[in-house]
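Examining the three-dimensional arrangement
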Amino acid sequence: MFHVEHHTHLPDCQICNGSDFTHYLDLQDYFLTGEPFVIYQCTNCGLLLTYPQPKEQELSRYYQSEDYISHSNKQSDFLSRVYQRVRLYTLTRKVQLIQRYSSGKNILDIGCATGEFLARCKDYGFNVTGAEPDKQSGDYARVNYGIKVYNPLDLSTLEAQSFDVITQWHVLEHVSDLNSRFSLLQKLLKSDGVCLIALPNPASADAAHYKKFWAAYDVPRHLFHFKQPAIKILADKHGFSTIAVLPMKFDAYYISLLSEKYKTGKSNYLKAFFWGFLSNLKAKTNHGEYSSLIYVLKKQNSS
Ligand SMILES: [Zn+2]
């Protein structure tokens, strides 16, 4: 019968070990290759996963690493000036957010890219450490900001309980082994440490509007897509309690702008602004389901 599909190949759910998945969405890599992918949903915990997931050795085919650096610093048109302003504002806001949840000074940013966030943390007196798989970006952070940057694979060699705060800004959705990542967080954090994880929210109004064109699915670079219940179950499983879930309101505009482009082939600023605004407005009355969310997780005292 038709309901027996190729998703029988799927591995058990990394969060709840469930083996029952339903079809969620057919979509494409609209950013780069145009290749088709499918998103499946775990019927038990709601985790969404991209299928097929690229193997480690073929991942580079889906990334254009040179673009990451060039687009941030060179251009001078109106939109990049707006972008620079927004970026400085959001970076400062992130640091202030951390200060609200921790008085500690040792911070690790996993997926630090070219280091702008950690540089801002340094300005505020933090001792900063970064981890970044892309060598070119990591080198940029080292040279320009004097930041110590590890390859994420080497983080397991660091001393236990080294950090007060660990951040991952739009990073966890790229991680293939969720449980080892959370074990690592558990190990590296001090006993009263906090972890801030920013993730796109597929339960947002902009996701519902753009459907397969929603830019934050970003398959196959995003291997997983998390709604609030799934991330809370994952956190709990690894000894964290979710103490806050906070909005990232600028993401609704940025993601709507990209989504418009994927959908229509054009940069439709007015429409993007409208849907971004509407998404933020709807989130207010719909359980805070903003386009992107920051989860603040606190290490529980295990004894
Ligand atoms: Zn599950």
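Further up the page is the structure itself.
Now for a look at the structure at hand. From a predicted model like this one, the values you see are computed outputs, not experimental measurements.

With that settled, the discussion passes to the overall build of the protein chain. Scanning the protein chain for helices and strands turns up 9 helices and 11 strands. The globule rule puts the C-alpha radius of gyration for 303 residues at 19 Å, and the 19 Å found for the protein chain is close to it. With the C-alpha coordinates aligned to their principal axes, the bounding extent of the protein chain is approximately 60 × 55 × 45 Å. Once local pairs closer than 6 in sequence are excluded, the contacts in the protein chain between residues at least 24 apart make up 70%.

Here we take up unusual backbone geometry. At the junction of Y51 and P52, the peptide bond is cis and its omega measures out at -10 degrees in the coordinates. Mapped onto the elements of the fold, P52 is located in the loop between β3 (48–51) and α1 (65–73). In this model, V219 is joined to P220 through a cis peptide bond whose omega is -5 degrees. Along the polypeptide, P220 turns up in the loop between α6 (205–210) and β9 (224–225). Residue D218 is not a glycine yet carries a positive backbone phi of 40 degrees. Within the element layout of this structure, D218 appears in the loop between α6 and β9.

All right, on to the sheet that holds strand β1 (residues 21–28) then. Here 4 strands make up an open sheet; going across it, the order is β1-β2-β3-β9 and the pairing antiparallel. Only two strands of the sheet have a single partner each, and these edge strands are β1 and β9. Pairing analysis gives 7 bridges linking β1 to strand β2 (residues 36–42), with the strands arranged antiparallel. Residue pairing for β2: Q28 is matched across the bridge by P36.

A separate point is the sheet that holds strand β7 (residues 163–169). If you walk across this open sheet you meet the 7 strands as β6-β5-β4-β7-β8-β11-β10, and the pairing is mixed. Only two strands of the sheet have a single neighbouring strand rather than two, namely β6 (148–150) and β10 (240–247). Pairs of neighbouring strands in the sheet enclose a mean axial angle of 20 degrees, with direction left out of account. Bridge count between β7 and strand β8 (residues 189–200): 6 bridges; the pairing is parallel. In the sheet register, V165 faces β8, and the bridge partner there is V194. Against the sheet, helix α7 (residues 228–237) engages β8, β10 and β11 (292–299), with an angle of about 150 degrees to β10.

Turning our attention to the packing of helix α8 (residues 250–264) against helix α9 (residues 269–285). The interhelical angle for the contact between α8 and α9, taken along N-to-C directions, is 135 degrees, at an axis separation of 8 Å. Judged on the interaxial angle alone, α9 and α8 are oblique. For the crossing formed where α8 meets α9, the hand is right-handed. Residues A252, Y253, S256, L257 and E260 of α8 lie in contact with α9, whose contacting residues are Y269, K271, A272, F273, W275, G276, S279 and N280. Taken together, the residues of the contact of α8 with α9 break down into 7 nonpolar, 4 polar and 2 charged.

With that out of the way, let us pick up the environment of Q84. Inspection of the secondary structure assignment puts Q84 in helix α2 (residues 78–101). Given 14 C-beta atoms within a 10 Å radius, Q84 is considered partly exposed. Put simply, Q84 and K212 are 128 residues apart on the chain and 29 Å apart in space, counted from C-alpha to C-alpha.

Turning our eyes to something else, we now look at the pairing of β3. Here 4 bridges tie β2 to β3, and the two strands are oriented antiparallel to one another. What sits directly across from I39, in β3, is T50. Here β2 folds back onto β3 in antiparallel fashion, the turn holding 5 residues, of which G46 has a positive phi close to 90 degrees.

Another point: the environment of R221. Assignment of secondary structure puts R221 in the loop between α6 and β9. On the neighbour-count criterion, R221 (16 C-beta atoms within 10 Å) is partly exposed. Sequence separation between R221 and Y63 is 158 residues; the distance between their C-alpha atoms is 7.8 Å. Ignoring sequence-local partners within four residues, the contact set of R221 consists of Y62, Y63 and H174.

Criteria and thresholds
Residues numbered from 1 in each chain as written. Predicted model: local features only at pLDDT ≥ 70, side-chain atom pairs only at ≥ 80, totals over all residues. Helix = DSSP H or I, 4+ residues; strand = E, 2+ residues; numbered from the N terminus. Rg over C-alpha atoms; globule rule 2.2 N^0.38 Å. Contact = placed C-beta atoms within 7 Å. Pairing = 2+ DSSP bridges. Axes fitted to C-alpha atoms, helices over the stretch in contact; angles between N-to-C directions. Parallel < 35°, antiparallel > 145°, perpendicular 65-115°, else oblique. Left-handed = near helix turned anticlockwise from the far one by under 90°. Nonpolar A, V, L, I, M, F, W, Y, C, P; charged D, E, K, R; others polar. Buried ≥ 20, exposed ≤ 12 C-beta atoms within 10 Å, placed from the backbone.

Everything listed is a geometric property; what it means functionally is a separate question.
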